[in-house]
Every structure is written in C-alpha cells, then in structure tokens.
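An overview of the molecular structure
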Amino acid sequence: MKKTLYLLALCAATALTATAHAQSVAFTFDDGPQLAETPLLSAQQRNQSLLDALAAHKVSAALFVTCGFGADKPAGYALAQAWGRAGHALGNHTMTHPDLESPAVTLVQYQQEITDCDRITATLPGYQKWFRFTFLREGKTPEKLQGMRTFLQQTGYRNGYVSLDTSDWRLDEKLNEVLRANPQADLAPIRQAYLSHLRQRADAYRDLSRQMVGRDIPQVLLLHHNLINALWLKDAIQQFKDMGWTIITPAAALADPVYQQPPEQQRGGQSLLRSIARSKGQSKFPGWERLVDDGDFEIDALKAQGL
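Residues numbered from 1 in each chain as written. Predicted model: local features only at pLDDT ≥ 70, side-chain atom pairs only at ≥ 80, totals over all residues. Heavy atoms only, no water.

**Overview of the pattern of salt bridges**
To be explicit about the condition: A side-chain nitrogen of Lys or Arg and a carboxyl oxygen of Asp or Glu constitute a salt bridge if their distance falls within 4 Å. Exposure is judged per residue with a 1.4 Å probe applied to protein chains only, and the accessible area is read against the type maximum: over 50% gives exposed, under 20% gives buried, and values in between give partly exposed.
The tally for this structure, following the rule as stated, stands at 13 salt bridges. For the salt bridge of Arg290 with Glu298, the shortest nitrogen-to-oxygen distance reads 3.0 Å. You can call Glu298 buried: its relative accessible area is 5%. One connected set of salt bridges, linked through shared partners, spans Arg201, Arg290, Asp293 and Glu298.

Shown next, in the form of structure tokens:
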C-alpha cells in the first residue's frame, strides 16, 4: 500500500514538474492594421479573420501598430480599436516603419516616429507602453543602440522582444504573387509551406533556448498582420497546440527574467535568442542557416512545384 502511494505521489510530482516546464508561446503581430489591398480579402475581412482565429482558440495576443499603415485614418483606427476591445494588447511599431540601421535615418528621426505613433496608440483600448523595433534592428552603432535604450527607459517604454522569429512575411509575398497571377490557384502547397515553416522555426528556437539559456523560455512569436495569417492563423494556433505547446499572453511571456535585461553586445536586434548567442560569441551554431534564410527553403520548394 505504501509503495502504491509512493508511486502515485511520484507520478503526480513528475506530471507537475512537466507541466511547470512545458513549452509556452505568446502570439504577437507586427505592421497592423494594414489597409492595403490584397487578393481574396478586404482590409476589414483580414482584420476580422485574425480576430476570429484568436477568439476561436481563446488566445490573447498583441498587435504592434505601425500607425502610418492605417491606424492614422478612421477606417484603420477602427480596425486597431477592434483588437483592444477584443482584449488584445496594442504596442508601438513606429509611424512609417523606417530602418534604424539605415544611414539615412537619424536617431532623432526614429525617436520622433515612436512619439508620433504613441499619440495614436495611447488612445486605443489595450494600449501598452511596449515598443518593437522595425525589422528587429536596434541600431548598429553605439550611438543608436545606447541612444534607443536610454530613450525607451526615459519614456517608460519596454522593448517588445521577439524570441521566435519567422519569415511569414516572405511566404505572404509569395501568396499574394500567386493569387494575382491566378485567382483560382491551388493554395494548399503554400498553406503547407507556411505551417511547416512555423514548426521548423519553433523547434529551432526551442533548441536554441536550451543551448543559450539552459531551459525552455516562454517564446514570443513574431507574425504579421497580413493575408497569409488571415487565411491560416487558426491552423497555425492548432499546430502549436498539437505540438504540446501552451499558449500564454504576451505580458506573461515578457515577465520572464530572460526578457528583462538586454544582451551585452555591440549590436542588438533580431531574435533575442540570436542576440544572446552573439553575446556569447556564437553567431553561428548548429542550424543557424535556417534561422537567417528569410524563408528561402520554403520558397525554393514552392518554386520546384511550379508556384
């Protein structure tokens, strides 16, 4: 009897430990709301499709608003409002999406982009003082890198880090290209490429987390407010669930200690995990090529299928 109770207690403790360390992920989206035209769906339909997919899976996400893409206009502002009213967080992703690492973009100009966008996002339900760098580039000069860290601290913003970076935007470009050439095209191969890409990146960044941090961190996933996610986000969320991943809020993920301190290095940016790797002198590690190929692997496979 005692042995049976001991085994039951051991099993319960093991299950509790497994649950405590289960891989988790938070869903975040950049560059929305988009008012630009796409095949198949209007801007309103794309926005609603994303919100419907999140609601169907009871996922609380974050939208990092690029205000000049639509939120600075009544129609786009209404789309952003819908995210906040649905319980999602809204962060800042600049007005016009400039590249901080471009010599043509000054530190002052970049900071003004954030300030201008803040005037809009601050009026939205769900507003958070989270800022995500455009292109995940934090500045390749000491002046820009440290200047932005000081600016965010002084203005009360926190860095909306990404750990699980994807190239969904590249597959979205391919999707739009195919549909413009043939509105009746079979989209099944693109859907499969999209889902396979997300799974490959998820597995790779989980492995990198174990190598660089020594544990499974809550991953912050980067996707975009675009057509490919409007079509298949519901499937993507289900795939993460089928993989055994737990979906948490962005706030819960960003509360993890790994997101509290910037990596000590000359150049920040890209996935936080890759940033940590560079800080440790490991810019190249097993599988690094697939994390920097911008979806080339999947695009080449689609081309081989005639798409």
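**Observations regarding the side chain of Asn92**
Short version of the rule: For the purposes of this entry, the term helix denotes a DSSP run of H or I that reaches at least four residues, the term strand denotes a run of E that reaches at least two, and both are numbered from the N terminus. We call two residues in contact when some of their heavy atoms are within 4.5 Å.
For Asn92, the location among the structural elements is in strand 3 (residues 89-92). Residue Asn92 is classed as buried on the basis of its relative accessible area of 0%. Apart from residues no more than four positions distant in its own chain, Asn92 is found in contact with Phe64, Val65, Ile114, Cys117, Asp118, Thr121, Trp130, Phe131, Arg132 and Tyr157.

**Considerations on the UniProt feature "domain: NodB homology" (unreviewed entry) in the chain**
We apply this condition: UniProt positions are given in the numbering used here, feature names are shortened, and annotations may be inferred rather than shown by experiment.
The residues that UniProt annotates with the feature "domain: NodB homology" (unreviewed entry) are residues 23-248. Secondary structure across residues 23-248 comprises 49% helix and 14% strand; the distance between its end C-alpha atoms is 10 Å.

**Re the state of the cysteines**
Formally: Disulfides are defined as cysteine sulfur pairs within 2.5 Å.
Enumeration over the complete set of coordinates arrives at 1 disulfide. The disulfide partner of Cys67 is Cys117, and the S-S distance across this bridge is 2.4 Å. On the S-S bond that ties Cys67 to Cys117, the torsion sits near 70°, and the link is right-handed. With a gap of 50 residues between them, Cys67 in the loop between strand 2 (62-65) and helix 3 (74-85) and Cys117 in helix 4 (residues 107-121) connect regions that are remote in the sequence. A single burial state applies to Cys67 and to Cys117, both of which are buried.

**Overview of empty space enclosed by the protein**
For clarity, the threshold we go by: Method remark: on a 1 Å grid restricted to protein atoms, a set of points is classed as a cavity if a 1.4 Å probe fits but cannot get out and as a pocket if it is open with protein on both sides within 12 Å along at least five of seven lines; lining residues have an atom within 4 Å of a point. Grid points are joined across faces, edges and corners, and a volume is the space filled by probe spheres set on the points. For this scheme, ten residues count as nonpolar: Ala, Val, Leu, Ile, Met, Phe, Trp, Tyr, Cys and Pro. Four count as charged, namely Asp, Glu, Lys and Arg, and the remainder, Gly too, count as polar.
Tallied over the full model, the rule gives 2 cavities of 30 Å³ or more. Its boundaries defined by the atoms lining it, the largest cavity holds a volume of some 70 Å³. Taken together, 11 residues make up the lining of the largest cavity; nearest its centre are Leu136, Glu138, Asn159, Tyr161 and Gln270. A class-by-class count of the residues in the lining of the largest cavity yields 5 nonpolar, 4 polar and 2 charged.

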